[in-house]
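# Structural characterization, general
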Amino acid sequence: MSVHELETLFQDKVDKEIKIEPKDWMPEKYRKTLIRQISQHAHSEIVGMLPEGNWITRAPSLKRKAALLAKVQDEAGHGLYLYSAAETLGISREEMLEQLHNGTAKYSSIFNYPTLAWADIGAIGWLVDGAAIMNQVPLCRTSFGPYARAMVRVCKEESFHQRQGFEILLTLSKGNEAQQRMAQDAINRWWWPSVMMFGPKDDESPNTLQSMKWKIKRFTNDELRQKFIDVCAEQVKFLGLMLPDADLKWNEERGHYDFGKINWDEFWQVVNGNGPCNKQRLDARRKAHDEGEWVRQAAVAYAEKKKMKATMVAA
Ligand code: BYC
């Protein structure tokens, strides 16, 4: 069969909602796009543990500490499922980690902002996990089987994360004046970076068109961003707090909220390594990787020992 015929067959499968599995024929660019997106997603989960991990020792109660610890552990699990899904496409975990550590692979811009107060943990849960769910629920129907299946469990856990964040902010919003101010300040700092998480506007997103055709993406960046803004504009009313956007206004005609200008210059600065915490985050990941070297060596040595014993028994 010619490549053209294979490509037609492939697209036909995608159009019929038949999942693509690792051993199926796929266009090289489809494989590359998925490796790029899934590994970026995995790195985001792993780097995403750092801003929240910062507050585990300082959570205000045992209950909050246990919930935060569980959430951060969930993120580690998500990273591992995603690395495994990417490995089925023919890239090794070592290669993906090398790309993260040498700065050639991206991870979500959002994790390059600092967590300055306890309320930031609430804002991350509500806004960052809220944005993640908005983006990830459609990924449960993405065309590549292992990615879609990994997303089902990830989304279940993310919805618990989102609720714990909202509940932290709700508690603070019912507290004293200082607590209310802390909650509002966290929302002010996390709102716009969360809106940017969905990626560049559609007319500046080089990958969207093809990814939609291959059903890797089910909605465009702008469609998901608008859904997120519509949901948050309503939810914030329950908190009695505000989103920091003077132009946020319901538009009857569009059936959506209008919103203010996004600072795309800030977004690209952060994506290109110049955000407030980019250096700190990468340094922390490299250090953890170096310090874990002995664990990897021990695991390999143990596996070899076990294999040798099994061969001796068989002989
Ligand atoms: N940050 O053509 P585009 C989570 C890059 S949630 C950095 O639209 P695409 C978590 C993009 O990679 C966060 N870079 O790309 C939550 C591309 O560059 P390259 C992770 C970004 O792929 C709570 C270029 O800009 N979620 O993990 O069609 C706690 C042009 O963009 C960003 C996912 O990764 C950004 N925000 O669409 C803990 C979800 N946005 O690669 C953890 C899966 C764009 O061409 N990923 N770029 O050099 C996706 O759905 C899509 O990859 C995106 C971007 C919507 C993010």
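Above this text is the structure in question.
Let us look at the structure shown here. (Residues numbered from 1 in each chain as written. Predicted model: local features only at pLDDT ≥ 70, side-chain atom pairs only at ≥ 80, totals over all residues. Heavy atoms only, no water.)

## With respect to the overall build of the chain
Convention followed: Where helices and strands are cited, they refer to DSSP runs of H or I of at least four residues and of E of at least two residues respectively, numbered from the N terminus. The rule is simple: take the accessible area with a 1.4 Å probe, protein chains only, and divide by the maximum for that residue type; under 20% is buried, over 50% is exposed, in between is partly exposed. Residue contacts are counted whenever heavy atoms from the two residues lie within 4.5 Å of one another. Surface accessibility follows the Shrake-Rupley procedure with a 1.4 Å probe radius. Residue values consider only the protein chains on display as shielding. Here Asp and Glu are counted as negative and Lys and Arg as positive; His is not counted, and neither are the chain ends. The location of each charge is read from NZ of Lys, CZ of Arg, CG of Asp or CD of Glu.
Assigned secondary structure in the chain consists of 13 helices and two strands. Each principal axis of the C-alpha distribution contributes one length, and for the chain these read about 75 × 50 × 35 Å. Relative to its full complement of 315 residues, the chain shows a buried share of 47%. Within the chain, residue pairs in contact and separated by at least 24 positions form 75% of the contacts whose partners lie at least 6 positions apart. As presented, the chain carries roughly 16,600 Å² of accessible surface, and 58% of it is formed by carbon and sulfur atoms. Taking the 44 positively charged and 42 negatively charged side chains of the chain as two groups, their mean positions are separated by 5 Å.

## Some details on the environment of Arg 285
Along the chain, the position of Arg 285 falls in helix H12 (residues 278-291). Separated by 15 residues in the primary sequence, Arg 285 and Val 270 place their C-alpha atoms 17 Å from one another. Arg 285 has contacts with Ile 46, Val 47, Leu 50, Leu 100 and His 101, leaving out every residue within four places of it along the chain.

## Notes on the layout of surface pockets
Using the following cut-off: Think of a 1 Å grid over the protein atoms and nothing else: a 1.4 Å probe that fits but is trapped marks a cavity, an open set flanked by protein within 12 Å on at least five of seven lines marks a pocket, and residues with an atom within 4 Å of a point count as lining. Grid points are joined across faces, edges and corners, and a volume is the space filled by probe spheres set on the points. Any residue outside Ala, Val, Leu, Ile, Met, Phe, Trp, Tyr, Cys, Pro, Asp, Glu, Lys and Arg is labelled polar, Gly included; the first ten of those are nonpolar and the last four are charged.
For the largest pocket, the calculated volume is near 1,200 Å³. Along the walls of the largest pocket sit 49 residues, with Arg 36, Gln 37, Gln 40, Ser 108 and Met 197 positioned nearest its centre. At the level of secondary structure, the elements contributing two or more residues to the lining of the largest pocket comprise helix H2 (28-47), helix H4 (62-87), helix H6 (119-136), helix H7 (145-173), helix H10 (221-239) and helix H11 (264-274). A per-element tally of the lining of the largest pocket places H2 first, with nine residues. The residue makeup of the lining of the largest pocket, split by class, is 21 nonpolar, 16 polar and 12 charged. Quantified by volume, the second largest pocket comes out at close to 350 Å³. If you trace the second largest pocket, you find 14 residues lining it, with Arg 93, Leu 97, Arg 285, His 289 and Arg 296 closest to the centre. Those elements that place two or more of their residues in the lining of the second largest pocket are H4, helix H5 (93-101) and H12. Ranked by residue count, the leading element in the lining of the second largest pocket is H5, at five residues. The residue inventory of the lining of the second largest pocket, partitioned by class, reads six nonpolar, three polar and five charged.

## Considering the site of the ligand
Heads up, the rule is: Distances are taken per atom, and a residue is near a molecule or strand as soon as one of its heavy atoms is within 4 Å of it. Polar contact is the term for a pair of N or O atoms within 3.5 Å; when the atoms are in protein, one must be able to donate a hydrogen and the other to accept it, and sequence-neighboring residues count only if both atoms are side-chain atoms. Each molecule is assigned to a cavity or pocket provided more than half of its atoms lie within 2 Å of the corresponding grid points.
Contacts to the ligand come from 32 residues, most closely from Gln 40, Lys 106, Ser 205, Lys 217 and Asn 221. Here Asn 135 contributes a side-chain N or O atom positioned 2.9 Å from an oxygen atom of the ligand. The separation between an oxygen atom of the ligand and a polar side-chain atom of Asn 207 is 2.9 Å. Contact with the protein chains hides 92% of the accessible area of the ligand, taken as 1,000 Å² for the molecule alone. Spatially, the ligand is embedded in the largest pocket. For the shell around the ligand, the secondary structure elements donating two or more residues are H2, H4, H6 and H11. Among the elements that make up the shell around the ligand, the one with the highest residue count is H2 (six residues). When grouped by side-chain class, the residues that make up the shell around the ligand number 14 nonpolar, 11 polar and seven charged.

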